2 protein chains.
Amino acid sequence: MELPSLKDRENFLEHALRFVDGTRQVIFERWKAGLHPELKGDKSLVTEADLEAELFIRDAVARHFPGHGVIGEEHPNTHPESEFQWVVDPIDGTQNFVHGVPTFGTILGVHFRGVPIVGVIDHPALDIRLWGAKEFGVWKNGERVTIVDSKSAGLDINEIVATSTRGMFERTSEGPLLDRFMKTHGATRIYYDVFGHTMAVCGNVGALVEFNVRIWDLAAAPLLVEEAGGKCLEVRRTEVPGKAPLISVIMGKPSVVDVLAPHFQKE
Amino acid sequence: MELPSLKDRENFLEHALRFVDGTRQVIFERWKAGLHPELKGDKSLVTEADLEAELFIRDAVARHFPGHGVIGEEHPNTHPESEFQWVVDPIDGTQNFVHGVPTFGTILGVHFRGVPIVGVIDHPALDIRLWGAKEFGVWKNGERVTIVDSKSAGLDINEIVATSTRGMFERTSEGPLLDRFMKTHGATRIYYDVFGHTMAVCGNVGALVEFNVRIWDLAAAPLLVEEAGGKCLEVRRTEVPGKAPLISVIMGKPSVVDVLAPHFQKE
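Residues numbered from 1 in each chain as written. Chains lettered and ligands numbered in written order. Predicted model: local features only at pLDDT ≥ 70, side-chain atom pairs only at ≥ 80, totals over all residues. Heavy atoms only, no water.

1. Quick look at the overall build of chain A
For step 1, the next point in the chain: Scanning chain A for helices and strands turns up 8 helices and 14 strands.
For step 2, the next point in the chain: Overall, the C-alpha framework of chain A stretches about 50 × 40 × 35 Å when taken along its three principal axes.
For step 3, the next point in the chain: The buried share of chain A, taken over its 267 residues, is 60%.
For step 4, the next point in the chain: When contacts within chain A are restricted to residue pairs at least 6 apart in sequence, long-range pairs at least 24 apart make up 62% of them.
For step 5, the next point in the chain: Charge-centre separation for chain A: the mean point of 28 positive side chains lies 3 Å from the mean point of 38 negative side chains. (Helix = DSSP H or I, 4+ residues; strand = E, 2+ residues; numbered from the N terminus. Buried < 20%, exposed > 50% of the residue type's maximum accessible area, 1.4 Å probe, protein only. Contact = heavy atoms within 4.5 Å. Lys, Arg positive; Asp, Glu negative; His and termini not counted. Charge placed at Lys NZ, Arg CZ, Asp CG, Glu CD.)

2. Focus: the sheet that holds strand 6 (residues 115–123) of chain B
Residue and element names in this part refer to chain B.
For step 1, the next point in the chain: Read from one edge of the open sheet, 7 strands run 3-4-5-6-7-8-9, paired in mixed fashion. Each edge of the open sheet is held by one strand with a lone partner, namely strand 3 (69–72) and strand 9 (143–145). Between one strand axis and the next, the sheet turns through 20° on average, direction left out of account.
For step 2, the next point in the chain: Two elements, strand 7 (residues 128–133) and strand 8 (residues 137–140), share 4 bridges in a ladder whose sense is antiparallel. The residue bridging W131 from the neighbouring strand is W139, located in strand 8.
For step 3, the next point in the chain: Running over the sheet, helix 1 (residues 6–33) touches strand 4 (84–92), strand 5 (105–112), strand 6 and strand 7 and is turned about 30° from strand 6.
For step 4, the next point in the chain: Running at roughly 160° to strand 4, helix 2 (residues 48–64) makes contact with strand 3, strand 4 and strand 5 of the sheet. (Pairing = 2+ DSSP bridges. Axes fitted to C-alpha atoms, helices over the stretch in contact; angles between N-to-C directions.)

3. With respect to the pairing of strand 5 of chain B
Residue and element names in this part refer to chain B.
For step 1, the next point in the chain: Of all 8 residues that make up strand 5, 8 are buried, and the element is covered over most of its length.
For step 2, the next point in the chain: Alternating positions in strand 5 separate into two faces, G105, I107, G109 and H111 on one and T106, L108, V110 and F112 on the other, with burial throughout.
For step 3, the next point in the chain: Relative to strand 5, strand 4 runs antiparallel, the two sharing 7 bridges. Bridge pairing in strand 5 links W86 to V110.
For step 4, the next point in the chain: Relative to strand 6, strand 5 runs antiparallel, the two being bridged by 7 bridges. Bridge pairing links V110 to V118 in strand 6.
For step 5, the next point in the chain: Following strand 5, the chain reverses through 2 residues before pairing antiparallel with strand 6; R113 in that reversal takes a positive phi of roughly 45°.

4. Describing the interface of chain B and chain A
For step 1, the next point in the chain: Every contact between the two is made by 35 residues of chain B and, on the other side, 35 residues of chain A.
For step 2, the next point in the chain: Here chain B meets chain A over a buried area of about 2,900 Å², counting both sides, of which 56% is carbon and sulfur.
For step 3, the next point in the chain: In this structure, the connection of chain B to chain A is made through 0 salt bridges.
For step 4, the next point in the chain: In this structure, the connection of chain B to chain A is made through 19 residue pairs in polar contact (both at pLDDT 80 or more).
For step 5, the next point in the chain: Among the secondary structure elements, those contributing two or more residues to the side of chain B that touches chain A are helix 3 (94–99), helix 4 (166–170), helix 5 (175–184), strand 11 (189–190) and helix 6 (195–201) of chain B. (Buried area = accessible area lost by both parts, 1.4 Å probe. Salt bridge = Lys/Arg side-chain N within 4 Å of Asp/Glu carboxyl O. Polar contact = N/O pair within 3.5 Å; in protein donor to acceptor, adjacent residues only side chain to side chain.)

5. Digging into the relation of the copies chain B and chain A
For step 1, the next point in the chain: Once turned by 180° and shifted 0.0 Å along the axis, chain B lies on chain A with an RMSD of 0.0 Å. Overall, the copies show the geometry of a two-fold rotation axis. Ranked by how close their C-alpha atoms come to the rotation axis, the residues of chain B are headed by I190 of chain B, at 2.3 Å.
For step 2, the next point in the chain: Both copies share a contact surface, since 100% of the interface residues of chain B are interface residues in chain A too. (Least-squares fit on C-alpha atoms with pLDDT ≥ 70 in both.)

6. Some thoughts on the nonpolar core
For step 1, the next point in the chain: Grouped together as the largest cluster of nonpolar side chains are 74 residues, with contacts concentrated most on Y191 and M251 of chain A together with Y191 and M251 of chain B.
For step 2, the next point in the chain: Every residue in contact with M251 of chain A, bar those within four places of it in the chain, is listed here: H197, A200, A207, L208, E210, L218, A221, P222, V225, K231, C232 and V257 of chain A.
For step 3, the next point in the chain: Core analysis: the second largest hydrophobic core is formed by 34 residues, L177 and A261 of chain A together with F181 and A261 of chain B among them. (Core = buried A, V, L, I, M, F, W, Y, C linked by side-chain atoms within 4.5 Å.)

7. Focus: the sheet that holds strand 5 (residues 105–112) of chain A
All names here are of chain A.
For step 1, the next point in the chain: The 7 strands are arranged 3-4-5-6-7-8-9 in an open sheet whose pairing can be described as mixed. Edge positions in the sheet fall to strand 3 (69–72) and strand 9 (143–144), since each of these pairs with one other strand and no more.
For step 2, the next point in the chain: Taken together, the 2 bridges between strand 8 (residues 137–140) and strand 9 define a ladder with antiparallel strand orientation. Each residue of the ladder has a partner; that of W139, found in strand 9, is R144.

8. Quick word on the packing of aromatic side chains
Residues and elements named next belong to chain B.
For step 1, the next point in the chain: Overall, the coordinates contain 28 aromatic pairs over all chains when judged by the stated rule.
For step 2, the next point in the chain: Taking 4.8 Å as the distance between ring centres and 65° as the angle between the ring planes, the aromatic pair formed by F97 and F104 counts as edge-to-face.
For step 3, the next point in the chain: We classify F104 as buried; its relative accessible area is 0%.
For step 4, the next point in the chain: With 6.3 Å between their ring centres and 45° between their planes, F169 and F264 make a pair best called tilted. Here F169, found in helix 4, pairs with F264, found in helix 8 (residues 254–264); they are 95 residues apart in sequence, far enough to count as distant. (Phe/Tyr/Trp six-rings, centres within 6.5 Å; stacked < 30°, edge-to-face > 60°.)

9. Re helix 8 (residues 254–264) of chain A
For step 1, the next point in the chain: For helix 8 of chain A, the set of buried residues is S255, V256, V257, L260, A261 and F264 of chain A.
For step 2, the next point in the chain: Contact partners of the buried residues in helix 8 of chain A: strand 10 (161–163), helix 4 (166–170), helix 5 (175–184), strand 12 (207–213), strand 13 (231–240) and strand 14 (243–252) of chain A.

10. Brief notes about the environment of E226 of chain B
Residues and elements named next belong to chain B.
For step 1, the next point in the chain: By the secondary structure assignment, E226 is in helix 7 (residues 221–227).
For step 2, the next point in the chain: Remark: the alpha-carbon pair of E226 and G252, spanning 26 residues in sequence, is separated by 8.4 Å.
For step 3, the next point in the chain: With residues up to four places along the chain from it excluded, the contact list for E226 reads K231 and C232.

11. Quick look at the pattern of salt bridges
For step 1, the next point in the chain: Within the structure shown, the criterion is met by 32 salt bridges over all chains.
For step 2, the next point in the chain: Here D21 of chain B ties to R129 of chain B by a salt bridge, and the two come within 2.9 Å at their closest N and O atoms. Here R129 of chain B lies in strand 7 and D21 of chain B lies in helix 1, a separation of 108 residues in the sequence.
For step 3, the next point in the chain: Among the ionic contacts, a cluster of salt bridges with common partners joins D21, R24, D122, D127 and R129 of chain A.

12. Considering the side chain of E74 of chain B
Residues and elements named next belong to chain B.
For step 1, the next point in the chain: Looking at the secondary structure, you find E74 in the loop between strand 3 and strand 4.
For step 2, the next point in the chain: Of the residues examined, E74 reaches a relative accessible area of 16% and is grouped as buried.
For step 3, the next point in the chain: For E74, the side chain forms a polar contact with the side chain of K40, separated by 3.2 Å.
For step 4, the next point in the chain: Here E74 is in contact with K40, V46, D50, L51, E54 and P90, once residues within four sequence places are set aside.

Listed below in structure tokens is the structure:
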């Protein structure tokens, strides 16, 4: 499949960065004004900031790329027939955002016929932004990001592994899978938002096991990890009637992903 | 017991803040120069930055408060007979520090006859600093910090709980205790360094369960949590021959600490 030209991808990336300048402003303004979180059907939280930041992206895409589709966490899909889809999680980690844990962030990607070609992750409170495009490399606040693979055979005791929460594993009744893994690697962290993606893209963690998440959660990180020289391996995809499928990936340093994969393969 | 005067406590605090300006500089310089981590006896990592940052504190205490004791993670205690002890973990989260995860930090406290009277937590890479003293309140980068208690009866599903890693529970063969707790609160995070302390002091997490750590890990956070209006409850203390005892605490919003306590009491 021929991808859009590098010039086109750079154009999408430039727009994505401008769009995320906008969501950062929306998020800060709403934060300052005071949040009124509400419970969604799945008992997760949503705020005015989530809803408005996603609408900001939707308006921006409609104005600059009319006809392109948008897939987002908080509003219905538009133009599902388009080969270009902007995929957005306006605030990944709303529970953290509401409580002032600064690790939350905005995830935005452009997918062409299902292939991610542009990705941006923005942490407003940490002032960290990652961006990249297919065959363009990855940048963190303006500096090139490269993942250096682990040289260790097996999982080095001081390699950092992060995973989703146990609650995410429980979505497919696989909590015991996490329990078993934590017994083998006792220093496992659980960050529970896009902070883990950023750590994986930058090679700070050996690998992140992101379990039972949805397409908007993975709009950017898999592309960014691969563009930085890492590996993203899908280990599970579960169809959910009437909803987006649950996707599980391991991403990070190639050799660490390979060492972890057998632990998380479907039995 | 009569504590040193507020004026004296403020004087210790001012010095502690100056000392931590120094450790921040040592840590950045060593980071830029490139780290050469080594494995300690317990297989945890230590770097030149840990060792030098602690020596910096030791020299500063010896110069400004000759006769005061210093208890630190990386070097032998001095002046154990003094009623004033400066307690320091120069880099809490060395594994994170070595890998570039920015949540690591310096912990410094002044204890008078075993009672914490001054506490500082410094995150060089996040540019976050917390400080406080007994009956003086807590400050984060210059703004007063106050913990607002949860109004929920029981543990609200969207209250954030963070714990130590399973490996810390395993130090006293209590890994299954964490497994059981994670089944009851599936969104539990595991941060694995002083970042969790900072989140507890600022009321960002409902509570942090810090399990089987040592006195230098707890040099500052319990005082800061209480001074911010929170609660710190010791749930376990295990003597270890020839070493500092292992201490377990729950700290954060008072009602959340109380709700969690029965899960982590000794059986």
